[in-house]
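Chain by chain, the residues run as shown.
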Amino acid sequence: MRKLMMAALLIAVCSAGVSQMPVANSKIAPTLAPTPPMGWNSWNHFDKNVTQQDVMDAADALIKSGMRDAGYVYVNIDDTWEGDRDASGMLHSNAKFPDMKALGDYLHAHGLKFGIYSGPGPLTCAHYAASEGHEQQDADLYASWGVDYLKYDLCSFKKTDMDPATAAHPDDPQAANRLMREAYVKMRVALDHTGRPIVYSVCQYGWDNVWTWGPAVGGNLWRTTGDINDTYARMTELGFGQAGLAKFAGPGHWNDPDMLEVGNGKMSTEEYRTHMSLWALLAAPLIAGNDLSKMSDDTKALLMNKGVIAIDQDPLGKQGDRLRAEGLLEIWTRPLAGGALAVGLFNRVTAPATISVTLKELGIKSPHEIVNVWTGEKVEAKGGVISAIVPNHGVLLLRITP
Ligand code: GLA
């Protein structure tokens, strides 16, 4: 009896805690981002130096290269566009961005969408003005510029109260997490209040299992990790670290293992192919982060492979997951619309390796066609086994269609 009472008490306490967690009740959020957002963001290449001209050049390059028509439509300014607030609290862009409205108009006139960056604390990660206490004012300002996408980055938010590793308050983790969720809700409500459909990118590095509450605060995507960099080690740490998160993603709400480094120059073509293939299997947002105005043909081919993009943007909206790993050889699969299946055979070793998988293990029973997505070539499953020598740090990405 005593045990039962204790259990009942525990359930009551837990559910009281959960029910106090703030929710956005956004009617707009679930209608946005039916497939993972695609576009470009200034941070990975331009970092703090980005200017309005760089963003216009990126937009022009999206059009000229064919990337816009391949689906990369969001042009997102990251941190360091922010200037000062005037006496009325209205935020102005800084001298690097002389005319945000003109920039928004330019993007829209060219079939592109406009993304911007802020955060729930007093300052952004690069110590520029963020939105704390000015949420509605800032949301209205973005709407007046024609903004379609907001990346909202936690950084300075109540930092002193939190353990930077877990975002947990030393005395009351639940209270700290509630504050964080409240802050994300506040901006979603402000965005919705503008009447403009604005995609909401929650950026707090995966703290507090954000994938379990991202949709409740009206997030359309949420970072599941810390920052990526242009190395195979970091990219694969983030990408392969997504195992187990598939069930939290779906149309309108996506796990985001961070933006692409493709074309930034420090990985090999094979490694960038792994980056694109893995992100596509993960139904990750494809936000290019390179200098689009200086792209090699190799980079264009990596970013614009139609088959890879089709996997990422598959209308079923189911994220893929790890099927099996043997040491550093991994097999990932993603169910696609119409009963098709995407399969990635990844070799994380520094020498070529043979990787094999049977059709039975993949659950393929009916007649099917197997295509190497990167080359378009047909692949045979001899005796019901797909087997290939996969280059070091490389991948064989397959689409199996019934
Ligand atoms: C954080 C984010 C990055 C980028 C920078 C900008 O580190 O995770 O993606 O936005 O801030 O300062």
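As the structure is a prediction and not an experimental result, all values here were calculated from the model. (Residues numbered from 1 in each chain as written. Predicted model: local features only at pLDDT ≥ 70, side-chain atom pairs only at ≥ 80, totals over all residues. Heavy atoms only, no water.)

J.: Describe the site of the ligand, and please don't skip the residues or the numbers.
T.: Taken together, 13 residues form the shell around the ligand, and within it Asp78, Asp79, Lys151, Asp153 and Asp227 come nearest. Separating an oxygen atom of the ligand from a side-chain N or O atom of Asp153 is a distance of 3.0 Å. In this structure, an oxygen atom belonging to the ligand sits 2.5 Å away from a side-chain N or O atom of Asp227. Contact with the protein chains covers 93% of the free accessible surface of the ligand, which is 310 Å². Assessed atom by atom at 2 Å from the grid points, the ligand resides in the largest pocket. Looking at side-chain class alone, the shell around the ligand contains seven nonpolar, no polar and six charged residues. (Near = heavy atom within 4 Å. Polar contact = N/O pair within 3.5 Å; in protein donor to acceptor, adjacent residues only side chain to side chain. Areas by Shrake-Rupley, 256 points an atom, 1.4 Å probe, with all protein chains shown as cover. 1 Å grid on protein atoms, 1.4 Å probe; cavity = no way out; pocket = protein on both sides within 12 Å on 5 of 7 lines; lining within 4 Å. Sits in = over half its atoms within 2 Å of the grid points. Nonpolar A, V, L, I, M, F, W, Y, C, P; charged D, E, K, R; others polar.)

J.: Please give an account of the packing of helix α8 (residues 232-240) against helix α9 (residues 269-281) that cites residues and values.
T.: As a packed pair, α8 and α9 sit with axes 10 Å apart at the nearest point and diverge in direction by 15°. Comparing their axes, α9 and α8 come out roughly parallel. Of the two possible hands of crossing, α8 and α9 adopt the one that is left-handed. Every residue of α9 that contacts α8 at Tyr232, Met235, Leu238, Gly239 and Phe240 is listed here: Glu271, Thr274, His275, Leu278 and Trp279. (Axes fitted to C-alpha atoms, helices over the stretch in contact; angles between N-to-C directions. Helix = DSSP H or I, 4+ residues; strand = E, 2+ residues; numbered from the N terminus. Parallel < 35°, antiparallel > 145°, perpendicular 65-115°, else oblique. Left-handed = near helix turned anticlockwise from the far one by under 90°. Contact = heavy atoms within 4.5 Å.)

J.: Could you give an account of the side chain of Glu135, naming the residues involved and the relevant values?
T.: Among the secondary structure elements, Glu135 is positioned in helix α6 (residues 135-145). A polar atom in the side chain of Glu135 sits 3.2 Å from the backbone nitrogen of Gly133.

J.: Before we move on, could you go through the state of the cysteines and cite the residues and values that matter?
T.: Overall, the coordinates contain one disulfide when judged by the stated rule. Each sulfur in the disulfide pair Cys125 and Cys155 lies 2.1 Å from the other. The disulfide joining Cys125 to Cys155 has a torsion of about 115° about its S-S bond and is therefore right-handed. Taken together, the positions of Cys125 in the loop between β5 (113-118) and α6 and Cys155 in the loop between β6 (149-153) and α7 (173-193) put the pair 30 residues apart, joining distant regions of the chain. (Disulfide = S-S within 2.5 Å.)

J.: Describe helix α5 (residues 100-109), naming the residues involved and giving the relevant values.
T.: Turning to α5, its buried residues number three or more, namely Met100, Leu103, Gly104 and Leu107. For α5, the angular spread of the buried residues around the axis is 100°, confining them to a single face. In the core, the buried residues of α5 are packed alongside α3 (52-65), β2 (74-76), β4 (91-93), β5 and α6. Positive backbone phi, at 70°, marks Gly111, one or two positions downstream of α5. (Buried < 20%, exposed > 50% of the residue type's maximum accessible area, 1.4 Å probe, protein only. Arc of directions from axis to C-beta.)

J.: Before we move on, can you summarise the layout of surface pockets with the specific residues and values?
T.: There is about 220 Å³ of room inside the largest pocket. In this structure, the largest pocket is lined by 18 residues; those nearest its centre are Trp43, Asp78, Lys151, Asp153 and Asp227. Of the residues in the lining of the largest pocket, the class split is nine nonpolar, one polar and eight charged. (Points joined across faces, edges and corners; volume = space filled by probe spheres on them.)

J.: For the pattern of salt bridges, give the residues involved together with the corresponding values.
T.: This model, assessed by the stated rule, comprises 17 salt bridges. Close ionic contact of Arg273 with Glu270 constitutes a salt bridge, the shortest N to O distance being 2.9 Å. Of this pair, Arg273 and Glu270 are both found in helix α9, three residues apart, which corresponds to roughly one turn of the helix. Owing to a relative accessible area of 19%, Glu270 belongs among the buried residues under this scheme. For Lys294, the salt bridge identified is with Asp291, shortest N-O distance 3.3 Å. Because the salt bridges share partners, they merge into one network encompassing Arg223, Asp227 and Asp258. (Salt bridge = Lys/Arg side-chain N within 4 Å of Asp/Glu carboxyl O.)

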